[in-house]
Amino acid sequence: MPDSHQDAALRFFADALATHKRGDLVRAEALYVQALQADPKHADALHFLGFLHGQKGNTDAAVRLISESVAIAPNASAHWHLADSLQALGRLPEAIVHYDRALALNGDLEAAWLGRGTALQDLGRLDEALASYDNALRQAPNSVGALCEKGNALRQMGRPDDALPCYEKAVALQPNHPALQFNLAGLLN
């Protein structure tokens, strides 16, 4: 491919990403498409166009596009976003594979640890889920999501006394969050 096509793809992608960060999904999508017209194998454009589709609720397209991206240039973020999309479709074993791939590339991704934990918990693999939540909390000790999910897993395992500090800390961090209040109240009753 001539350098001018690659240069154009890079410019369109940079504009798309900036536009996407500003929340203009319609314009960002058009720019990602232009980047892919200039370079159909632009892995980052495929990844973030897929991520954008996931944000819009078009999860099947998200999986297809992000899968193309990781086939070209695997990276932790793309595997994590692919795993989230697969999990949204209920394809939990596949999601766990991609969470694991993301974490093998970057073990510091708190959100990937959290997603992995919820997928494992949904499969009834509670001990593994707890380990993932603990890893998420090592990365982000004040992650309300990880605290809440860890509390839910502990509660599901019949360990309400261990769940209580998780819920209490989550509520202390976000005192006006109704779901957290509900979890804590349910445990205390």
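Treat the numbers as computed from the prediction; the structure is a model and nothing was measured.

Enquirer: Could you give an account of the packing of helix α4 (residues 59–72) against helix α5 (residues 76–88), with specific residues and numbers?
Expert: At their nearest, the axes of α4 and α5 sit 9 Å apart, and the two run at 150 degrees to each other. Our classification of the angle between α4 and α5 gives roughly antiparallel. The interaxial crossing formed by α4 with α5 has left-handed handedness. Side by side, α4 and α5 meet where Thr59, Ala62, Val63, Ile66, Ser67, Ser69 and Val70 of the first sit next to Ala78, His79, His81, Leu82, Ser85, Leu86 and Ala88 of the second. Of the residues assigned to the contact of α4 with α5, the class counts are eight nonpolar, six polar and no charged.

Enquirer: Explain the side chain of Gln87 to me, and be specific about the residues and the numbers.
Expert: Along the chain, the position of Gln87 falls in helix α5. Exposure remark for Gln87: the relative accessible area of 16% places this residue in the buried category. Looking at Gln87, its side chain comes within polar contact range of the side chain of Thr118, at 2.8 Å.

Enquirer: Give a description of the confidence of the model for the chain that names residues and reports values.
Expert: Residues of the chain with pLDDT of at least 70 account for 93%, and the chain-wide mean is 92. Across the chain, helix α6 (residues 92–105) holds the top mean pLDDT of 98, while helix α11 (residues 178–188) sits lowest at 66.

Enquirer: I'd like to hear about the packing of aromatic side chains, residue by residue, with values.
Expert: In this description, a pair of aromatic rings is defined by centroid distance and the angle of the planes. A full pass over the atoms with the stated rule returns three aromatic pairs. Ring geometry for Phe13 and Tyr32: centres 6.1 Å apart, planes at 40 degrees, overall tilted. With Phe13 in helix α1 (residues 3–21) and Tyr32 in helix α2 (residues 25–38), this residue pair connects regions lying 19 residues apart in the sequence. There is no split in this pair, since Phe13 and Tyr32 are both buried. With centroids separated by 6.5 Å and ring planes inclined at 80 degrees, the aromatic side chains of Phe48 and Phe51 adopt a geometry described as edge-to-face.

Enquirer: Tell me what's going on with the packing of helix α7 (residues 110–122) against helix α8 (residues 126–139), and back it up with residues and numbers.
Expert: Relative to each other, α7 and α8 sit at 165 degrees, their axes nearing to 8 Å. Our classification of the angle between α7 and α8 gives roughly antiparallel. Judged by the sense of rotation from one axis to the other, the crossing of α7 with α8 is left-handed. Note on element contacts: α8 touches α7 through Leu126, Glu128, Ala129, Ser132, Tyr133, Asn135, Ala136 and Gln139, opposite Glu110, Trp113, Leu114, Arg116, Gly117, Thr118, Leu120 and Gln121. For the contact of α7 with α8, the per-class residue count stands at seven nonpolar, six polar and three charged.

Enquirer: If you had to explain the environment of Gly57 to someone new, which residues and values would you point to?
Expert: With respect to the helices and strands, Gly57 occurs in the loop between α3 (43–55) and α4. On the basis of relative accessible area, Gly57 is assigned to the exposed category, the value being 55%.

Enquirer: Any details on the side chain of His53? Residues and values, ideally.
Expert: Locating His53 in the fold gives a position in helix α3. Given the relative accessible area of 12%, His53 is considered buried. In this structure His53 touches Glu29, Asn58, Thr59, Ala61, Ala62 and Leu65, once residues within four positions along its chain are discounted.

Enquirer: If you had to explain the state of the cysteines to someone new, which residues and values would you point to?
Expert: A disulfide bridge is the covalent bond that connects two cysteines by way of their sulfur atoms. In this structure the tally under the stated criterion is zero disulfides. This cysteine, Cys148, is not joined by any disulfide, and Cys166 carries the nearest cysteine sulfur, 9.3 Å off. A relative accessible area of 7% places Cys166 in the buried class.

Rules used in this analysis
Residues numbered from 1 in each chain as written. Predicted model: local features only at pLDDT ≥ 70, side-chain atom pairs only at ≥ 80, totals over all residues. Heavy atoms only, no water. Axes fitted to C-alpha atoms, helices over the stretch in contact; angles between N-to-C directions. Helix = DSSP H or I, 4+ residues; strand = E, 2+ residues; numbered from the N terminus. Parallel < 35°, antiparallel > 145°, perpendicular 65-115°, else oblique. Left-handed = near helix turned anticlockwise from the far one by under 90°. Contact = heavy atoms within 4.5 Å. Nonpolar A, V, L, I, M, F, W, Y, C, P; charged D, E, K, R; others polar. Buried < 20%, exposed > 50% of the residue type's maximum accessible area, 1.4 Å probe, protein only. Polar contact = N/O pair within 3.5 Å; in protein donor to acceptor, adjacent residues only side chain to side chain. pLDDT = per-residue confidence, 0-100. Phe/Tyr/Trp six-rings, centres within 6.5 Å; stacked < 30°, edge-to-face > 60°. Disulfide = S-S within 2.5 Å.

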